[in-house]
Amino acid sequence: MKRRQPNRPTAVILGAMSFLGRCRALSVATGPTTSAAAAAVVRPVLTSSTGRPCGMLGFCPAAQHYRNSRWGSTSSPPVSLLHSSASSCSFARTSEALRVAAVAASPSRRRRRTALGMVSDRPFRGPEAEAIEEVDFTGLGLLDDLVDAMEEFGFNSPSKIQRKAIPQILNGGNVVFAASTGSGKTLAYLMPLIQQLKVEEAQAEEGGESIRQTKRPRAIVLVPTRELAVQVLEVAKRLSRSCKFSSCGVVGGEDYGKQRQRLAGTVDIVVGTPGRLLKHHEAGNFFMSKANYVIVDEVDTMLTQGFAADIEKLSRPLLANPNRRDTAQFIFVTATLTKAVRKLLGEDGDYPKVRQVETSDVHHTLPSLRHVMIDIKGRDKMSALIDIAQQHYKDFKRTLVFCNTVKSCRAAEFGLREVDLKALSYHGEVPSDERSSNLERFKAGQAKYLVCTDIASRGLDMPDVDHVVMFDFPLNPIDYLHRSGRTARMGAKGRVTSLLAKRDLVLAAAIEQAVQSGLPLDELSSRRTDYATGGKLGPLFGRKGKVSVKGSHHSLKAVMNTRARSQVNERGERIGAPRKGEKRELAATGGRGRGGGRGAAGGRQRGTGRGGGGRSGGTGRARKYN
């Protein structure tokens, strides 16, 4: 048994109870320290099924001192209970204690974890939003009917992207505009579109003509998902109460015959998904001869999901005709200007002279959004999710739980239901009708949790969502932007809680640094080498690959430089040895070990070197660090 060293955390078993053949143990890592931080985080107690405290077992002096100083030696602290579905006993588990007790208990422990790229323990947010001059919708050149419609929506002044995009669209020509999620992009293109349609109608009536014809819509709005199409169509229907025009939706999963009948009438605006619209167009159910406006919403998602070919086929009647190529207007809407979007709309693209409009907050998280990142450190992620859900059950109205896979979605939904938390699923393997029904039930408050994949991270507007939990951390910063954008929309407050595994720490530390420093997130990476000296992100995050926060209330120094691991000091010892459990195999004098280390004399071998000529071998050693 190893001797306990000073300032080295050890496990303290708080206790275990058994009921009906099942027992659950609760442990918190802490150590012999008088640190106030340790005392502030170690406060779990065991409770019975009636909620009465069963006492505190095996607490370290710091925890006992904290308990006595705050609640007295005879009373017990208030706790939030996690009920077991298989027993009548309940264990009070404070997620904050489970999350940071091992770090706060020892300064040396904190330094060691931070040196490997650990995120901070405190909530953080980005810089405050810039103050903008008050402008009403009348100053944007909109018709009085549209201004009245905005009053019915409850908007007194336009958002930043609406101020920039609406005049540009009214001036004509192809436009791409980008803004952060929840900034009002749908209204930013629908209002000028409707105005231009009404102006064309007035001009035609003066000439005694009618430009509204059957099977010939005048504007096409393309969206990536069925749910987003329904959402855009609802906004268009509300606007049509003030400005008279007709609109319809064409999406997959609905009756094809009914859609054909709607398209056969006189329709001004058609909102749909590219696949179903292309099918109707190729079948001759509608024609593009009168369509002078094509809007591609969430164009970054469209390209990611492989809709580029469908968009090109629908746009071909306008682009192939030289007379219409210059008069038709293409409007592209996105929350992120990815490389694929820039390539599509660049000088070598199919769309001529596309003007770019973007706000200063593009690729930034919303300023009213609070971020919390929890390093689970190898613990059960499902237990952490349930802890968060129960601890904040009364704090938030609606919670989105994002997962990376369908399998993970099913597990998270099952885990929440096991503790009597109503949850619904929303992913690609749920039938479209059931998926739409689950979304409506979630919006109506019939369930407090919606467990979903990234299919719910694009475009959907759910004003009551004030909490987003990333059960699986996203693989890239773009997905983080889209997921976090489901809350704190249009200036409201929201919170994002991320559960981090070991592989997520590099990207999470970079996101934290970028958010607090007010830097864009789109170029961040999950590769450590990108933050090293000479890496593409090294200049942004400090020297020698360190991610640091200067001038804030806490410090985050995630050292990303991996070169130190291969250095040798003057005594021949390795600097920066691999962590516990990490395998490294090195060749000694000759050959190449299984792990890829090269011997001085060259040659290749597995355990035994090859002799002869330039391949003088020797014996290779493989070393495993435990």
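Look above for the structure.
Residues numbered from 1 in each chain as written. Predicted model: local features only at pLDDT ≥ 70, side-chain atom pairs only at ≥ 80, totals over all residues. Heavy atoms only, no water.

1. Describing unusual backbone geometry
Inclusion rule: Secondary structure follows DSSP: runs of H or I at least 4 residues long count as helices, runs of E at least 2 residues long count as strands, and numbering of each begins at the N terminus. Burial classification: accessible surface area is computed with a 1.4 Å probe over protein chains only, and a residue below 20% of its type maximum counts as buried, one above 50% as exposed, and the rest as partly exposed.
For Lys215, which is not glycine, the phi dihedral falls at a positive 60°. Secondary-structure assignment places Lys215 in the loop between α7 (185-206) and β7 (219-222). Residue classification places Lys215 among the partly exposed positions, given a relative accessible area of 31%. If you check the backbone angles, Ala488 has positive phi at about 60° while not being a glycine. By secondary structure assignment, the location of Ala488 is in the loop between α18 (477-484) and β18 (494-500).

2. Section: the environment of Thr214
Formally: Contacts were defined at the residue level, with two residues in contact if any of their heavy atoms lie within 4.5 Å.
Its place among the elements puts Thr214 in the loop between α7 and β7. Accessibility expressed as a relative area gives 43% for Thr214, which makes it partly exposed. Measuring from C-alpha to C-alpha, the distance between Thr214 and Ala264 comes to 5.9 Å, with 50 residues separating the pair along the chain. Apart from the residues within four sequence positions on either side, Thr214 is in contact with Ala264, Gly265 and Thr266.

3. Regarding the nonpolar core
As a reminder of what qualifies: Take the buried Ala, Val, Leu, Ile, Met, Phe, Trp, Tyr and Cys residues and link them wherever side-chain atoms come within 4.5 Å; each set so joined is a nonpolar core.
Counting 43 residues, the largest nonpolar core has Phe177, Tyr189, Leu239 and Ile269 as the members making the most contacts within it. Examining the composition of this core, we find that eight residues originate from one element, α7, more than from any other. Leaving out residues up to four positions away in the same chain, Leu239 has contacts with Ala149, Met150, Phe153, Leu187, Leu190, Ile194 and Phe245. Core analysis: the second largest hydrophobic core is formed by 37 residues, Leu450, Phe473, Leu481 and Ala488 among them.

4. As for helix α15 (residues 381-391)
The α-helix advances 3.6 residues per turn, and as a result positions three or four apart in sequence lie on the same side. Heads up, the rule is: Counting of polar contacts relies on pairs of N or O atoms within 3.5 Å, with two restrictions inside protein: one atom must be capable of donating a hydrogen and the other of accepting it, and residues adjacent in sequence are counted only when both atoms are side-chain atoms.
In terms of burial, α15 is largely enclosed, as 10 of its 11 residues are buried. Among the residues of α15, the N-terminal cap falls to Asp380, whose side-chain oxygen and the backbone nitrogen of Met382 are separated by 3.4 Å.

5. Some remarks on the sheet that holds strand β6 (residues 175-178)
Sheets are built from strands that pair by backbone hydrogen bonding, the pairs being arranged parallel or antiparallel. We count it as follows: Pairing between strands is defined by DSSP: at least two bridges between the two strands are required. All axes here are fitted lines through C-alpha atoms, helices being fitted over the stretch that makes contact, and every angle between N-to-C directions spans 0 to 180 degrees.
The seven strands are arranged β8-β9-β7-β10-β11-β6-β12 in an open sheet whose pairing can be described as parallel. Both outer strands of the open sheet, β8 (247-250) and β12 (355-358), are each paired with one neighbouring strand and no more. Sheet twist, expressed as the mean angle between neighbouring strand axes with direction ignored, is 15°. The pairing of β6 with strand β11 (residues 329-334) spans four bridges and is classified as parallel. Bridge pairing in β11 links Phe177 to Val333.

6. Brief notes about the packing of aromatic side chains
Test applied: Only Phe, Tyr and Trp rings take part, Trp by its six-membered ring, and two of them pair if their centres are within 6.5 Å. Stacked means planes under 30 degrees apart, edge-to-face means over 60, and tilted covers everything else. Lysine and arginine charges are scored as sitting over a ring when NZ or CZ, respectively, is within 6 Å of the ring centre and within 35 degrees of the ring normal.
Evaluation of the coordinates by the stated rule reveals five aromatic pairs. Aromatic side chains Phe332 and Tyr351 sit 5.0 Å apart centroid to centroid with 70° between the ring planes, which places their arrangement in the edge-to-face category. Taken as a pair, Phe332 in strand β11 and Tyr351 in the loop between α14 (339-344) and β12 lie far apart in primary sequence, 19 residues in all. Under the relative-accessibility criterion, Phe332 is labelled buried at 1%. On the basis of an interplanar angle of 50° and a centroid distance of 5.8 Å, the ring pair of Phe473 and Tyr480 is categorised as tilted. By relative accessible area, Tyr480 is classed as buried at 0%. An aromatic cluster of three or more residues is present, and its members are Phe330, Phe332 and Tyr351. The lysine or arginine in question, Arg435, covers the ring of Tyr426, its NZ or CZ lying 5.9 Å from the ring centre.

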